[in-house]
Amino acid sequence: MRSLILLALAAAPAVTELPEHSVADPRAPIISEATLLESERFWPYQTELPANGSVGVLIRVEPGGVARVDFGRDGKRSVPVSETDLVARANRIRTGDLEKAAPNFVFALGPRLLDSASDELRPLTFATVAEKPGFVCVFADPGQPEFAEIAAALSPLRERHGVATILFPQGEHPDPALRERLRALNWTVPFVYDHLSESYTRSLLDDGWKVPAVVLLSSEGRVLYESAWTPEAVAGLSSALAGAFGD
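Presented here is an overview of the structure given in this document.

**Some details on the environment of Asp85**
- Inspection of the secondary structure puts Asp85 in the loop between β4 (76–80) and α2 (86–95).
- By relative accessible area, which is 17% here, Asp85 ends up buried.
- Those residues in contact with Asp85 that lie beyond four places of it in its chain are Thr47, Glu48 and Pro50.

**What about the pairing of strand β2 (residues 54–62)?**
- β2 sits mainly inside the fold: 7 of its 9 residues count as buried.
- Pairing of strand β1 (residues 46–49) with β2, which is carried by 4 bridges, proceeds in the antiparallel orientation. Looking at β2, one finds that Gln46 is bridged to Val57.
- A loop of 4 residues connects β1 with β2, the two strands running antiparallel in sequence, and Gly53 in this loop sits at a positive phi of about 80 degrees.

**Brief notes about the packing of aromatic side chains**
- In this structure the tally under the stated criterion is 4 aromatic pairs.
- Residues Phe105 and Phe135 carry aromatic rings whose centres are separated by 5.1 Å and whose planes lie at 45 degrees to one another, so their mutual orientation is tilted. Placement of the pair is Phe105 in helix α3 (residues 104–109) and Phe135 in strand β7 (residues 134–140), with a sequence separation of 30 residues.

**So, the nonpolar core**
- Core analysis: the largest hydrophobic core is formed by 54 residues, its most contacted members being Phe105, Val138, Leu154, Phe168 and Leu216.
- In contact with Leu216, other than residues within four places in its own chain, are Phe135, Val136, Val163, Arg222, Val223, Leu224, Tyr225, Leu237, Ala240, Leu241 and Phe245.
- Val23, Leu49, Val81 and Leu86 belong to the second largest nonpolar core, which has 19 residues in total.

Rules behind the numbers
Residues numbered from 1 in each chain as written. Predicted model: local features only at pLDDT ≥ 70, side-chain atom pairs only at ≥ 80, totals over all residues. Heavy atoms only, no water. Helix = DSSP H or I, 4+ residues; strand = E, 2+ residues; numbered from the N terminus. Buried < 20%, exposed > 50% of the residue type's maximum accessible area, 1.4 Å probe, protein only. Contact = heavy atoms within 4.5 Å. Pairing = 2+ DSSP bridges. Phe/Tyr/Trp six-rings, centres within 6.5 Å; stacked < 30°, edge-to-face > 60°. Core = buried A, V, L, I, M, F, W, Y, C linked by side-chain atoms within 4.5 Å.

Have a look at this one:
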């Protein structure tokens, strides 16, 4: 199973390809463990456990003072923020002493998406991903009978408030075939490369979650809404979109 650390090293865009991204704001309040969750623009991409020197990729900060981190070969764990250097790194980003190349979720997924709406199968440009304020992440198997229902139900939410819908395909589905499946359903959303989708699914979904599922994330990876798939989830997702990204 490939980790987010290895995936990041394998496909991160060159610095010259990244759109300009500056979040330094020395006048912003000093970040503490209590305010880290709400200070997501300053979340670092990596964190270290000072007690043992382990370095991992931050997946997200969660309520209750917990961070979900990918430690590569040591697996993905939820650890207390107090046991990491997240607050220190976030404050360095705030003051401009530590560079942040892009929002965390954008940086992780930007180079790993295919554009099903294009005339031919090709990657979605990083710049296109970077301009999105959030993402509706859909974890579903395109080969299952309910997939057409999911596509039809979520289609009206596509690009609502500028938020992109991304499919994390479950099961094995060659990228060209999946593109054709989405186009046949008139649901031409970006999707994660087939060979990467399983790793990202395991990283982003909390332990115990079953697919199909939908998760609304900010561009930094903060969870704004999550639900196992039911038709009723559309109303909750729509409300969360309006609350987080509406005018």
